[in-house]
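The lines below spell out each chain.
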Amino acid sequence: MPDEPRPQGMPPAGPAHPPAQWTGQPQPWPVQPNAQQYPGYSPYPPALPAPANGVWLGVLSLVLGVLGCVVPLLPIDLTGVRAYLALPFGLAGLACGLAGVVGRRTGKPVSGVGIGVSAIALVLGVIMLGNQVAG
C-alpha cells in the first residue's frame, strides 16, 4: 500500500510531522499566553454597580394613590374634609412615583402604575373640591 501512486496535490503518505515542542527542537518564537497582561488591566469587563432598590418607592406610590381614591369615598362622617382628603394622598403618591421612575431603580413599572393611580386620585380630589365650592 505505501507504494501506491498519490493524486497530484496530495501530501505524501506517512505519519504527520509532530510540532517542534514535541520533538524537543527549539521553536523560532517564544510561547505566549492568549492575552497579554498589562498592569491594571483585567480581561473581564468592570462590574456594573447594583441598581438601587427602588421597588419600595413604587409600592408606596401605589398605596398612596389607592388611598387617595378610596378614603374620600368611604361611608363615614367626613363633613368638611372629604373633598380635601384625596389631594395630599395623590400629591404624595405622585412625588414617590416620580422619584421611583428616575435613576437606576428596579421598580419602574410599579412606580409608573403608582403615578397613574395617584393622578386619578388628584383628578378625583379636584372634582370633589369643585363640587363642594360650586354647591
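Residues numbered from 1 in each chain as written. Predicted model: local features only at pLDDT ≥ 70, side-chain atom pairs only at ≥ 80, totals over all residues. Heavy atoms only, no water.

### Points about helix α4 (residues 108-134)
Turning to step 1, where the next piece is worked out: Taking 1.5 Å of rise per residue, the 27 residues of α4 would be expected to cover 39 Å, and the 39 Å separating its terminal C-alpha atoms lies within 8% of that figure.
Turning to step 2, where the next piece is worked out: Taken as a whole, α4 has its buried residues at Ser111, Gly114, Val117, Ser118, Ala121, Leu122, Gly125 and Met128.
Turning to step 3, where the next piece is worked out: The elements touched by buried residues of α4 are α2 (55-70) and α3 (86-101). (Helix = DSSP H or I, 4+ residues; strand = E, 2+ residues; numbered from the N terminus. Expected span 1.5 Å × (residues − 1). Buried < 20%, exposed > 50% of the residue type's maximum accessible area, 1.4 Å probe, protein only. Contact = heavy atoms within 4.5 Å.)

### Digging into a nonpolar patch on the surface
Turning to step 1, where the next piece is worked out: Together, Val66, Val70, Leu74 and Ile76 make up an exposed nonpolar region whose accessible area comes to about 300 Å².
Turning to step 2, where the next piece is worked out: With respect to the helices and strands, the residue Leu74 is situated in the loop between α2 and α3.
Turning to step 3, where the next piece is worked out: Taking the relative accessible area as the measure of exposure, Leu74 reaches 33% and is therefore partly exposed. (Patch = residues over 30% accessible without salt bridge, like charges linked within 9 Å, V, L, I, M, F, W, Y side chains within 5 Å. Areas by Shrake-Rupley, 256 points an atom, 1.4 Å probe, with all protein chains shown as cover. Salt bridge = Lys/Arg side-chain N within 4 Å of Asp/Glu carboxyl O.)

### Looking at the UniProt feature "transmembrane region" (unreviewed entry) in the protein
Turning to step 1, where the next piece is worked out: UniProt annotation of "transmembrane region" (unreviewed entry) refers to residues 55-76, 83-103 and 109-129 when read in the numbering used here.
Turning to step 2, where the next piece is worked out: Overall, residues 55-76 shows 73% helix and 0% strand. The separation of its end C-alpha atoms is 33 Å.
Turning to step 3, where the next piece is worked out: In residues 83-103, helix accounts for 76% and strand for 0%; the two terminal C-alpha atoms are 34 Å from one another. (UniProt positions renumbered as here; feature names shortened; annotations may be inferred.)

### Some thoughts on the packing of α2 against α4
Turning to step 1, where the next piece is worked out: Contact geometry for α2 and α4: axes closest at 7 Å, N-to-C directions at 25°. Classed by the angle they form, the pair α2 and α4 counts as roughly parallel. The hand of the α2/α4 crossing is left-handed. Facing α2, whose interface residues are Leu57, Gly58, Val59, Ser61, Leu62, Gly65, Val66, Gly68 and Cys69, α4 presents Val110, Ser111, Val113, Gly114, Ile115, Val117, Ser118, Ile120, Ala121 and Leu124.
Turning to step 2, where the next piece is worked out: A class-by-class count of the residues in the contact of α2 with α4 yields 12 nonpolar, seven polar and no charged. (Axes fitted to C-alpha atoms, helices over the stretch in contact; angles between N-to-C directions. Parallel < 35°, antiparallel > 145°, perpendicular 65-115°, else oblique. Left-handed = near helix turned anticlockwise from the far one by under 90°. Nonpolar A, V, L, I, M, F, W, Y, C, P; charged D, E, K, R; others polar.)

### Section: the environment of Ala92
Turning to step 1, where the next piece is worked out: By secondary structure assignment, the location of Ala92 is in helix α3.
Turning to step 2, where the next piece is worked out: In the structure, Ala92 is positioned 28 residues away from Leu64 in sequence and 6.9 Å away in space, judged by C-alpha atoms.

### Focus: the packing of α3 against α4
Helix-helix packing is described using two parameters, namely the angle between the two axes and the distance between the axes.
Turning to step 1, where the next piece is worked out: α4 packs onto α3 with a crossing angle of 155° between their chain directions and a minimal axis gap of 8 Å. Judged on the interaxial angle alone, α4 and α3 are roughly antiparallel. Both α3 and α4 take part in a crossing whose hand is left-handed. Where α3 abuts α4, its residues Ala86, Leu87, Gly90, Leu91, Gly93, Leu94, Gly97, Leu98, Gly100 and Val101 lie against Lys108, Ser111, Gly112, Ile115, Ser118, Ala121, Leu122, Gly125, Val126 and Leu129.
Turning to step 2, where the next piece is worked out: For the contact of α3 with α4, the class distribution of residues is 11 nonpolar, eight polar and one charged.

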